[in-house]
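What follows is each chain in one-letter form.
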Amino acid sequence: MTDILKVLQVSKNFVKPIDIASKVVNMFGNFYNQEVVHAVDNVSFNVTSGEVVGVVGESGCGKSTLGRMIAGILPLTSGKLDFHDQHYSGFDEGNYKHNSHIDLKIQMIFQDPFSSLNPRQKIIDIISEAPIHHKLISKKDKKYFVKDILNKVGLGTDAMDRFPHQFSGGQRQRIGIARALAISPEFIVCDESIAALDVSIQAQVINLFLKLRQDLNLTYLFISHDIGVIQHIADRVVVMYLGQIVETASSDEIFSHPNHPYTKALLQGVPTLDTKKKIYTPIKGEIPSPINPPSGCYFHPRCKFSTNKCITDKPSYKEVSPNHFSACHLNS
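Residues numbered from 1 in each chain as written. Predicted model: local features only at pLDDT ≥ 70, side-chain atom pairs only at ≥ 80, totals over all residues. Heavy atoms only, no water.

### Quick look at the nonpolar core
In this structure, I127, L150, I177, F209, Y220, F222 and Y262 are the most contacted members of the largest nonpolar core, which totals 58 residues. Not counting chain neighbours up to four residues away, the residues in contact with F222 comprise V52, V53, G54, V55, C190, F209, V229, I230 and I233. With 30 residues, the next largest nonpolar core counts I70, L76, I106 and M108 among its residues. (Core = buried A, V, L, I, M, F, W, Y, C linked by side-chain atoms within 4.5 Å. Buried < 20%, exposed > 50% of the residue type's maximum accessible area, 1.4 Å probe, protein only. Contact = heavy atoms within 4.5 Å.)

See below:
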């Protein structure tokens, strides 16, 4: 199996410049500085062709920012992205070097299907717009093309002449999936793609993702805060905390032998059918601000195993068992 995507030391910072009033105050001393949000901090991993890699973590850990950089929606602050060993780094503040091959082969499905679909366009136009623009199909063929795509995602042909508001949430998400499939991508970034759906509909959409993966040989980066969903769909799991990767392993290994205290805490919150009494202890404290992250291990303010070394030294990200990597001083 070959690597379809390589994420190499990727970081993303958002800078909030100081306003005019602060600049005036700074004339009398350096009281105010620019605020820098470290959304993604030196992230590296590979994705193999045909694989489903799940990215999991609490809200604010940088999952969606990472996904948008990979999809070419956000520019990188530093690092490198390779697709089929071809370097690309997304949009760069209007200085983007167009690469039609990568543009078409990497697509993204968003969390809210209603806000990501044009409410003034019919479904036939939403799905056919991109392939017509890129000259993959002609306008006269769009009806037959859209009919085929809708059948693949489990929607009838009567959907073509309707508007997004005339569908349920699950149906709208299927339309979003159809739009992504319309230009025959190889790699799809799914950003919380089932989080806005009812639980029963979530299962249907997950099964659709798995079927499309098999039928169309797709590769997924599946982003979710729900580690139970990740367990069901992912081959390999990447656990993120405050913009950094703290653990990576196969799905079976993560759920049977988690190594990092943060991963263990996330797994404790997953509902099970076990009838035995279980005492759930939530992770203490709030996630620190990415504007001013803690020293040493970012997780140490909330970790019950924290030591002085955790406060001062950043743990190395190393292999603790075959193809199982973790960043924790407990592995020293």
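### With respect to the packing of aromatic side chains
By the definition in use, this model includes 6 aromatic pairs. When the ring of F209 is compared with that of F222, the centres are 5.7 Å apart and the planes differ by 85 degrees; the resulting orientation is edge-to-face. With F209 in helix α7 (residues 199-216) and F222 in strand β8 (residues 219-224), this residue pair connects regions lying 13 residues apart in the sequence. The same class applies to F209 as to F222, namely buried. Judged by centre distance (5.3 Å) and plane angle (65 degrees), the rings of Y262 and F299 are edge-to-face. With Y262 in helix α10 (residues 261-268) and F299 in the loop between α10 and α11 (308-312), this pair connects stretches of sequence that are 37 residues apart. Taking the relative accessible area as the measure of exposure, Y262 reaches 0% and is therefore buried. One aromatic cluster is present, built from ring pairs that chain together F209, Y220 and F222. Over the aromatic face of F14 sits the side chain of K12, whose NZ or CZ is 5.1 Å from the ring centroid. (Phe/Tyr/Trp six-rings, centres within 6.5 Å; stacked < 30°, edge-to-face > 60°. Helix = DSSP H or I, 4+ residues; strand = E, 2+ residues; numbered from the N terminus. Lys NZ or Arg CZ within 6 Å of the ring centre and 35° of its normal.)

### Overview of the packing of helix α4 (residues 123-133) against helix α5 (residues 142-152)
Running from amino to carboxyl end, α4 crosses α5 at an angle of 105 degrees, the nearest separation of the two axes being 10 Å. Between α4 and α5, the angle is such that the two are roughly perpendicular. Across the interface between the two elements, I123, I124, D125, I127, S128, P131 and I132 of α4 pack against K142, K143, F145, V146, I149 and L150 of α5. Along the lines of polarity and charge, the residues of the contact of α4 with α5 split into 9 nonpolar, 1 polar and 3 charged. (Axes fitted to C-alpha atoms, helices over the stretch in contact; angles between N-to-C directions. Parallel < 35°, antiparallel > 145°, perpendicular 65-115°, else oblique. Nonpolar A, V, L, I, M, F, W, Y, C, P; charged D, E, K, R; others polar.)

### Focus: the environment of K284
Within the secondary structure, K284 is located in the loop between α10 and α11. Between the alpha carbons of K284 and V189 there is a distance of 31 Å; along the sequence they are 95 residues apart. Filtering out sequence-adjacent residues up to four positions away, K284 remains in contact with P301, R302 and C303.

### Concerning the side chain of H300
Tracing the backbone through its elements, the reader meets H300 in the loop between α10 and α11. Residue H300 is classed as buried on the basis of its relative accessible area of 14%. At 3.2 Å, the side chain of H300 and the backbone oxygen of S295 are in polar contact. When neighbours within four sequence positions are excluded, H300 is seen to be in contact with P294, S295, S306, C310 and I311. (Polar contact = N/O pair within 3.5 Å; in protein donor to acceptor, adjacent residues only side chain to side chain.)

### Observations concerning unusual backbone geometry
Trans peptide bonds make up most of the peptide bonds, and negative phi angles are found at most residues other than glycine. Its identity as a non-glycine residue notwithstanding, N42 has a phi of 60 degrees, on the positive side. Tracing the backbone shows N42 in strand β2 (residues 35-48). What makes N42 partly exposed here is its relative accessible area of 41%. Of note, H84 is a non-glycine position whose phi angle comes to about 55 degrees, a positive value. Turning to its location among the elements, H84 is positioned in the loop between β4 (78-83) and β5 (86-88).

### Some thoughts on α4
Residues of α4 that are buried: I123, I124, I126, I127, S128 and P131. Elements in contact with the buried residues of α4: α5 and α6 (169-181). In the segment just after α4, K135 is the residue with positive phi, at about 60 degrees.

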